[in-house]
Amino acid sequence: MSVNPMTYEAQFFGFTPQTCLLRMYTAFQDYLFDMLLLVENVILKKLEGLSECRISPLHIRKSTEKFLFLLKENFDELFSKMEEMLLQLVFNIPKNVLLPEDKVHRQYPYSKEQFQALQDEIHQLQEQYKAEVSAGQALRAELEEQKVVQAELEKILQCFVGIENICREHWNCSFRESFAFLTPSLKKLQDKLKDIEEKSKKLKKCETES
C-alpha cells in the first residue's frame, strides 16, 4: 500500500484512495479463498465416489493450502502493479488542477505570516467582544439595582411626606420638630428590639443544646 496520504484526492473523492484499494484487495482475497474452498469440496465429493482411492481429506487440505499460498503470492504481485497504476492514472489529481472550492486561494493568495496575523486579529476581536458583553451585563445589573434602590427611596419619601402631613394635621408642627421629639423614643425602641433579639438568640441556643 502507498504511504502517500493523498489528502487532496481524499478531499475530491470523499475517501482516501488507499482505503478504496484496501477494500478491493480484501474483496479479491475473500473471493479467492471462497473459490478454493468450493474446489476442495468438489474434489472431496469426487473422491468419495472412488472406492480404491488412497488420497485422504488431510492430504487434499494440505494441497489446497499449498496452492492457495502460490496463488496469493502471484495475486499480491499483480495487485501491487494494479495499485500503482490506479494511484497514478485514476486516483491521482495533477498538481496543476485546482478544485472549485480552492479557487478562492488563487484569487486571494496569502502567506503563512498573513494568515497568522489574521488569526491573531480575530482572536483579539473575540476577546474585545467578550469584554464588551461582560461590561454590558455588569451595566444592566447595576441599572437593575439602581431601579430597586430608586423604588425604595420613593417609598421612603412617600412615608416622610405622610408623616409630615400627620404632624402638621395633629400636632401643628413640622416633621423636623416632631422627629427631634421622637428621637429618644426611637432610641428606646431600638434598645428594646435589640434586647428582644438577644433573648431570642439565647432561647434558640438553649433549645438546640437541649
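You'll find the structure just up there.
Summary of the structure given here. Worth saying up front: this structure is predicted, and the values here are computed from it rather than measured.

1. Let's talk about the overall build of the protein chain
Right, on to step 1. Scanning the protein chain from N- to C-terminus turns up six helices and zero strands.
Right, on to step 2. Along the protein chain, helices (α) and strands (β) appear in the sequence α-α-α-α-α-α when read from the amino end.
Right, on to step 3. Put simply, the protein chain has 210 residues, and 14% of those count as buried.
Right, on to step 4. By sequence separation, contacts in the protein chain at least 24 residues apart represent 61% of the contacts at least 6 residues apart.

2. Things to note about the packing of helix 2 (residues 17-48) against helix 3 (residues 57-89)
Right, on to step 1. With their axes 10 Å apart at the nearest point, helix 2 and helix 3 run at an angle of 155 degrees to one another. One element, helix 2, and the other, helix 3, form an angle in the roughly antiparallel class. Once helix 2 is placed against helix 3, the crossing between them reads as right-handed.
Right, on to step 2. For the contact of helix 2 with helix 3, the class distribution of residues is 22 nonpolar, two polar and five charged.

3. Examining the side chain of glutamine 29
Right, on to step 1. With respect to the element layout, glutamine 29 can be found in helix 2.
Right, on to step 2. A relative accessible area of 15% places glutamine 29 in the buried class.
Right, on to step 3. Other than its neighbours up to four places away in sequence, glutamine 29 contacts Lys72 and Phe75.

4. Focus: the side chain of glutamate 40
Right, on to step 1. Within the element layout of this structure, glutamate 40 appears in helix 2.
Right, on to step 2. A distance of 2.8 Å separates the side chain of glutamate 40 from the side chain of arginine 61, its partner in a polar contact.
Right, on to step 3. Those residues in contact with glutamate 40 that lie beyond four places of it in its chain are Ile60, Arg61 and Thr64.

5. Some remarks on helix 3
Right, on to step 1. Taking 1.5 Å per residue as the helical rise, helix 3 with its 33 residues ought to reach 48 Å, and the 46 Å between its terminal C-alpha atoms agrees with that figure.
Right, on to step 2. As for helix 3, its buried residues are in contact with helix 2.

6. A short note on a nonpolar patch on the surface
Right, on to step 1. Taken together, the side chains of Met35, Val39 and Ile43 present a nonpolar region at the surface, about 230 Å² in accessible area.
Right, on to step 2. Here isoleucine 43 lies in helix 2.

7. Here's the deal with the nonpolar core
Right, on to step 1. Core analysis: the largest hydrophobic core is formed by five residues, namely Met6, Leu21, Leu86, Leu87 and Phe91.
Right, on to step 2. Filtering out sequence-adjacent residues up to four positions away, leucine 86 remains in contact with Leu21, Met24 and Phe91.

8. Considering the environment of aspartate 76
Right, on to step 1. For aspartate 76, the position within the fold is in helix 3.
Right, on to step 2. For the pair aspartate 76 and tyrosine 25, spaced 51 residues apart in the sequence, the C-alpha separation amounts to 8.8 Å.

9. Comments concerning the pattern of salt bridges
Right, on to step 1. Here the structure, examined in full by the defined rule, presents two salt bridges.
Right, on to step 2. Note that glutamate 40 is salt-bridged to arginine 61, the shortest N-O span being 2.8 Å. Residue glutamate 40 is located in helix 2, and its partner arginine 61 is located in helix 3; the two are separated by 21 residues in the primary sequence.
Right, on to step 3. Given a relative accessible area of 37%, arginine 61 falls into the partly exposed group.
Right, on to step 4. One salt bridge in this structure joins aspartate 76 and lysine 72, with 3.1 Å as the shortest N-O distance. In this pair, aspartate 76 and lysine 72 both sit in helix 3, four residues apart, roughly one turn of the helix.
Right, on to step 5. What makes aspartate 76 partly exposed here is its relative accessible area of 28%.
Right, on to step 6. Accessibility expressed as a relative area gives 28% for lysine 72, which makes it partly exposed.

Cut-offs and rules
- Here the residue index of a chain counts from 1 through its sequence in written order.
- Residues qualify for local features only when their pLDDT is at least 70, as the model is predicted, and side-chain atom pairs are given and counted only at 80 or more; totals for whole chains, interfaces and linings, by contrast, use all residues.
- Excluded from the side-chain calculation are hydrogens and water; included are all heavy atoms of the structure.
- Each helix corresponds to a stretch of at least 4 residues labelled H or I by DSSP, and each strand to a stretch of at least 2 residues labelled E; elements are numbered beginning at the N terminus.
- Partly exposed describes any residue whose relative accessible area lies between the buried limit of under 20% and the exposed limit of over 50%, with all areas from a 1.4 Å probe on protein chains only and scaled to the type maximum.
- Contact definition: two residues touch when any of their heavy atoms are within 4.5 Å.
- The axes used here are C-alpha line fits, helices contributing only the stretch in contact, and every angle between their N-to-C directions lies in the interval 0 to 180 degrees.
- Here the angle decides the label: under 35 degrees means roughly parallel, over 145 means roughly antiparallel, 65 to 115 means roughly perpendicular, and every other value means oblique.
- In this scheme, a crossing is called left-handed if the near helix is turned counterclockwise away from the far one by less than a right angle; it is called right-handed if the turn is clockwise.
- As a working rule, the residues Ala, Val, Leu, Ile, Met, Phe, Trp, Tyr, Cys and Pro are called nonpolar, Asp, Glu, Lys and Arg charged, and the rest polar, with Gly in that last group.
- Here a polar contact is recorded for every N or O atom pair within 3.5 Å, except that within protein the pair must consist of a potential hydrogen donor and a potential acceptor, and residues adjacent in sequence are included only if both atoms are side-chain atoms.
- Every helix has an expected span of 1.5 Å times one less than the residues it contains.
- What goes into a patch is any residue over 30% in relative accessible area without a salt bridge, connected to like charges within 9 Å or, for nonpolar side chains (Val, Leu, Ile, Met, Phe, Trp, Tyr), within 5 Å.
- The accessible surface values rely on the Shrake-Rupley method and a 1.4 Å probe; as for residues, cover is taken only from the protein chains in view.
- One side-chain nitrogen of Lys or Arg within 4 Å of one carboxyl oxygen of Asp or Glu is enough to make a salt bridge.
- Here, nonpolar core refers to any group of buried Ala, Val, Leu, Ile, Met, Phe, Trp, Tyr and Cys residues whose side-chain atoms link them within 4.5 Å.

Limitation: the analysis is restricted to geometry and does not speak to function.
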